[in-house]
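Structural overview
The chain contents come next:
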Amino acid sequence: MTIPSMTLNDGHTLPAIGFGTYQLNGRQGADAVLTALEAGYRLLDTALNYENEVEVGEAVRRSGIAREDIMIASKLPGRFHGYEETLAGFEESRANLGVDYVDLFLIHWPLPRVGKYVDTWRAMIRLREEGLVRSIGVSNFTQEHLTRIIQESGVVPAVNQIELHPHFPQEAMRAFHAEHGIQTQSWTPLARQRSVLDDPVVTAAAAAHGVTPAQAVLRWHVQLGSIPLPKSASPARQAENLDVFGFTLTEEEVASISSLESGRLWDGDPDTNEEF
Ligand SMILES: NC(=O)c1ccc[n+]([C@@H]2O[C@H](COP(=O)([O-])OP(=O)(O)OC[C@H]3O[C@@H](n4cnc5c(N)ncnc54)[C@H](OP(=O)(O)O)[C@@H]3O)[C@@H](O)[C@H]2O)c1
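Below you will find a few notes about this structure.

Take the environment of F80 next. When you line up the elements, F80 lands in the loop between β5 (71-76) and α3 (83-97). When its relative accessible area of 14% is taken as the criterion, F80 is described as buried. On a C-alpha basis, the gap between F80 and R62 in space is 30 Å, while along the polypeptide they are 18 residues apart.

The next subject is the pattern of salt bridges. On inspection of all chains with the given rule, the structure shows 10 salt bridges. One salt bridge in this structure joins R113 and E274, with 2.8 Å as the shortest N-O distance. Of the two residues, R113 is situated in the loop between β6 (102-107) and α4 (117-129) and E274 in the segment after α11 (251-258); the sequence distance between them amounts to 161 residues. Note on R113: relative accessible area 64%, which makes it exposed.

In this section: the site of the ligand. Near the ligand, the surroundings consist of 28 residues, among which D45, R192, S232, A233 and R237 are the closest. A distance of 3.0 Å separates an oxygen atom of the ligand from a polar atom in the side chain of N140. Taking P189, its main chain carries an N or O atom lying 3.3 Å from an oxygen atom of the ligand. Taking 910 Å² as the accessible area of the ligand by itself, protein coverage stands at 86%. When residues of the shell around the ligand are traced back to their parent elements, those giving at least two are α7 (194-197) and α10 (235-242).

Moving on to helix α6 (residues 171-180). Those residues of α6 that fall on the buried side of the exposure criterion are M173, R174, F176 and H177. Each buried residue of α6 lies within a common arc of 160 degrees when the element is viewed along its axis, so the set occupies one face. Away from its buried face, by an angle of more than 90 degrees, α6 presents the exposed residues E171, A172, A178 and E179. Residue G181 follows α6 closely and has a positive phi angle near 70 degrees.

This brings us to the environment of R148. Counting through the fold element by element, R148 comes out in helix α5 (residues 143-153). Looking at R148, the relative accessible area reads 35%, which means it is partly exposed. Through-space distance from the C-alpha of R148 to that of Y117 is 9.4 Å; in sequence the pair is 31 residues apart. Setting aside residues up to four positions removed in sequence, R148 forms contacts with Y117 and V118.

A few words now on the packing of aromatic side chains. One pass over the structure, following the stated rule, counts 7 aromatic pairs. Aromatic side chains Y22 and Y50 sit 5.0 Å apart centroid to centroid with 50 degrees between the ring planes, which places their arrangement in the tilted category. Of this pair, Y22 sits in the loop between β3 (19-20) and α1 (26-39) while Y50 sits in the loop between β4 (43-45) and α2 (53-63), and the two are 28 residues apart along the sequence. Owing to a relative accessible area of 38%, Y22 belongs among the partly exposed residues under this scheme. Centroid distance W109 to W187: 6.4 Å. Interplanar angle 65 degrees. Geometry classified as edge-to-face. In this pair, W109 is assigned in the loop between β6 and α4 and W187 in strand β9 (residues 183-187), connecting sequence segments 78 residues apart. Residue W187 is classed as buried on the basis of its relative accessible area, which comes to 11%. Connected via pairs of aromatic rings, a cluster forms that spans W109, W187 and W266. Directly above the aromatic system of Y117 lies the positively charged group of R148, at a separation of 5.4 Å from the ring centroid.

Okay, the side chain of E163 next. In this fold, E163 is placed in strand β8 (residues 159-163). The charged side chain of E163 is buried without a salt bridge, its nearest counter-charge being R264 at 4.1 Å. A polar side-chain atom of E163 sits 2.7 Å from a polar atom in the side chain of H165. Side-chain polar atoms of E163 contact the backbone nitrogen of L265, separated by 2.8 Å. Apart from the residues lying within four places of it in its own chain, the contact partners of E163 are N140, F168, Q170, W187, R264 and L265.

What counts, and at which threshold
- Residues numbered from 1 in each chain as written.
- Predicted model: local features only at pLDDT ≥ 70, side-chain atom pairs only at ≥ 80, totals over all residues.
- Heavy atoms only, no water.
- Helix = DSSP H or I, 4+ residues; strand = E, 2+ residues; numbered from the N terminus.
- Buried < 20%, exposed > 50% of the residue type's maximum accessible area, 1.4 Å probe, protein only.
- Salt bridge = Lys/Arg side-chain N within 4 Å of Asp/Glu carboxyl O.
- Near = heavy atom within 4 Å.
- Polar contact = N/O pair within 3.5 Å; in protein donor to acceptor, adjacent residues only side chain to side chain.
- Areas by Shrake-Rupley, 256 points an atom, 1.4 Å probe, with all protein chains shown as cover.
- Arc of directions from axis to C-beta.
- Contact = heavy atoms within 4.5 Å.
- Phe/Tyr/Trp six-rings, centres within 6.5 Å; stacked < 30°, edge-to-face > 60°.
- Lys NZ or Arg CZ within 6 Å of the ring centre and 35° of its normal.
- Lys, Arg positive; Asp, Glu negative; His and termini not counted.

Shown next as structure tokens:
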């Protein structure tokens, strides 16, 4: 299966879909990441705070796939905000993963109350300049946070990974990203909820194309131009989720799925949510 690629503002590329690894821990977690690689995923999304970077690195080595053919993304948690702290936090991720470089490194949350995300961003730029990270980006940044780091550093993040699913289509953020050349990634793309996969709008679109509801939702992300990062522990669902490049939703179907907007899944407001 050929996965299309998306070109970032730094000239590097990412596959148009990636594999989410949150809650894939321990031996079963490593096995799940391995089956995802065998299914064809080439972008793995982890974070220091998922406590599974060791498992992700192990799966990459066990797969036998060349390191340069796999993109590993990880995220810096709040306890490492600050310039020197960011360099130290990155080294912890790199050691856990057992790699020479990380393909995409993101600031996990902006933590505006802590107020160190600009210094943190400057250290991310240094990591990229040193060749330790290929592309740098952020996660859960609002327009205000993005504007500030761009103005103060002159460097536009390659990626902003945000909550995005049919209950929270993030139209304004996607428009802002498009305007600034920032690639959107969707976290919790399936909304972790039956309310999306059972919705008649989604099941009707799926039936019209002979696909599953999850495939219709993931295709919706692709057509919005965002990179979805579905997680599944099941090899069958991993393969199902990857198989979304052989059909196209109509504009009406895309719009009707977007109309399921009801809000965030939980209180993950980037202005107030704090994770360290
Ligand atoms: N940056 C951030 O702050 C942030 C926050 C949250 C998440 N993330 C990233 O986003 C990734 C995805 O989010 P998520 O794991 O929370 O949620 P998700 O991918 O939207 O949903 C995962 C849930 O859906 C089920 N599922 C997967 N494929 C399915 C299918 N084809 N049919 C029916 N059910 C299916 C999974 O069950 P099974 O495993 O049993 O298949 C699991 O319960 C995470 O793993 C993580 O990498 C980032």
